Amino acid sequence: DRGSPWRNLIDAVVLQKIGEQLTVGINGDYAIEGDVSWYGAALMANYKFSPMFRLAARAERFYDLQNARAVGTAVSEATLTAGFAIADHSEIRAEVRGDFADQPIFNGGTANNQATAQLAFLAWF
């Protein structure tokens, strides 16, 4: 039942640091909501070129073939992020992302893909 108040989710994340500069990871999710399910996986890597600059890449695939999460199709994304440290607890990030679907779900249901870019300032305490 899609209106079930319960969602059972299994989430697994494995990260591995390779040397001082490279971190790679994999993430997998599987969920059941009533009588429908969804699942997905992601691969990621982060390479620190210097204390001030890093590049990160991520690719994901999400399957919602039973419309449990109101997507109703398979969707992929690829993201490239550049991080510029400006202090011990802050960073400027520039990111480009491409989203790709098996059905036309973007731009009001008229496109199978979309591209986005963002510039962000982050601070953490």
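Each residue is numbered by its place in its chain's sequence as written, counting from 1. The predicted origin of the model limits local features to residues at a pLDDT of at least 70 and limits the giving and counting of side-chain atom pairs to 80 or more, whereas totals for whole chains, interfaces and linings rest on all residues. Only hydrogens and water are removed before side-chain values are computed, so all heavy atoms of the structure are retained for them.

## Regarding the overall build of the protein
Looking only at helices and strands, one finds zero helices and seven strands in the protein. Secondary structure follows DSSP: runs of H or I at least 4 residues long count as helices, runs of E at least 2 residues long count as strands, and numbering of each begins at the N terminus. Mapped in sequence order, the helices and strands of the protein form the string β-β-β-β-β-β-β. With the radius of gyration taken over C-alpha atoms, the globule rule is written as 2.2 Å times the number of residues to the power 0.38. Taken over C-alpha atoms, the radius of gyration comes to 17 Å for the protein, far larger than the 14 Å a tight globule of 125 residues would show. Projected onto the principal axes, the alpha-carbon positions of the protein cover approximately 50 × 30 × 25 Å. Exposure categories follow from relative accessible area, calculated using a 1.4 Å probe and restricted to protein chains: below 20% of the type maximum is buried, above 50% is exposed, and the middle band is partly exposed. For the protein, buried positions account for 24% of its 125 residues. Whether two residues are in contact is decided by their heavy atoms: any pair within 4.5 Å suffices. Partitioning the contacts of the protein with sequence separation of at least 6, the portion at a separation of at least 24 is 37%. Under the convention used here, a 1.4 Å probe and the Shrake-Rupley method define accessible areas, while residue burial counts only the protein chains that appear. As presented, the protein carries roughly 8,300 Å² of accessible surface, and 60% of it is formed by carbon and sulfur atoms. Only four residue types enter the tally: Lys and Arg on the positive side, Asp and Glu on the negative side, with His and both chain ends excluded. Here the site of a charge means atom NZ of a Lys, CZ of an Arg, CG of an Asp or CD of a Glu. For the protein, the distance from the average position of its 10 positive side-chain charges to the average position of its 14 negative side-chain charges is 4 Å.

## With respect to the pairing of strand E2 (residues 22-33)
A pair of strands is considered paired only if DSSP assigns at least 2 bridges between the two. In the sheet, strand E1 (residues 8-18) pairs with E2 via 11 bridges, with the strands oriented antiparallel. Bridge pairing in E2 places Asp 11 opposite Asp 29. Where E1 hands over to E2, the hairpin turn is made up of three residues, of which Gly 19 adopts a positive phi near 75°. Pairing of E2 with strand E3 (residues 36-50), which is carried by 12 bridges, proceeds in the antiparallel orientation.

## A look at the pattern of salt bridges
The salt bridge criterion pairs a side-chain nitrogen of Lys or Arg with a carboxyl oxygen of Asp or Glu, the two atoms within 4 Å. Applying the stated criterion to the full structure yields nine salt bridges. Put simply, Glu 91 and Arg 93 hold a salt bridge, and the shortest N to O gap is 2.4 Å. Classification of Arg 93 as partly exposed rests on a relative accessible area of 29%.

## Considerations on the sheet that holds strand E6 (residues 90-101)
By definition, the strands of a sheet pair up through backbone hydrogen bonds, in either a parallel or an antiparallel sense. With respect to topology, seven strands assemble into an open sheet ordered E1-E2-E3-E4-E5-E6-E7, the strand pairing being antiparallel. Only two strands of the sheet have a single partner each, and these edge strands are E1 and strand E7 (113-123). With strand direction ignored, the average angle separating the axes of adjacent strands in the sheet is 15°. As paired strands, strand E4 (residues 53-63) and strand E5 (residues 74-87) are joined by 11 bridges and run antiparallel to one another. Structural elements are reduced to axes, namely lines fitted to C-alpha atoms, with helices fitted over the stretch in contact, and the angle between N-to-C directions of any two is expressed from 0 to 180 degrees.

## Describing a nonpolar patch on the surface
Two joining distances apply to patches: 9 Å for like charges and 5 Å for nonpolar side chains (Val, Leu, Ile, Met, Phe, Trp, Tyr), and every residue must have over 30% relative accessible area and no salt bridge. On the surface, a nonpolar cluster with roughly 480 Å² of combined accessible area is contributed by Ile 10, Tyr 30, Ile 32, Tyr 39 and Leu 65. Looking at the element boundaries, Tyr 30 is found in strand E2.

## Quick word on the layout of surface pockets
Roughly 280 Å³ of volume is contained in the largest pocket. Every definition here rests on a 1 Å grid over the protein atoms only: cavities are sets of points where a 1.4 Å probe fits but cannot get out, pockets are open sets enclosed by protein on both sides within 12 Å along at least five of seven lines, and lining residues have some atom within 4 Å of a point. Taken together, 20 residues form the lining of the largest pocket, with Lys 48, Pro 51, Arg 54, Ala 85 and Glu 91 sitting closest to its centre. Of all the secondary structure elements, the ones that give two or more residues to the lining of the largest pocket are E2, E3, E4, E5 and E6. Each residue belonging to the lining of the largest pocket can be placed in one class, and the counts come to seven nonpolar, six polar and seven charged. Taken as a whole, the second largest pocket spans an internal volume of roughly 200 Å³. Grid points are joined across faces, edges and corners, and a volume is the space filled by probe spheres set on the points. Put simply, Ala, Val, Leu, Ile, Met, Phe, Trp, Tyr, Cys and Pro go in the nonpolar bin, Asp, Glu, Lys and Arg in the charged bin, and everything else, Gly too, in the polar bin.

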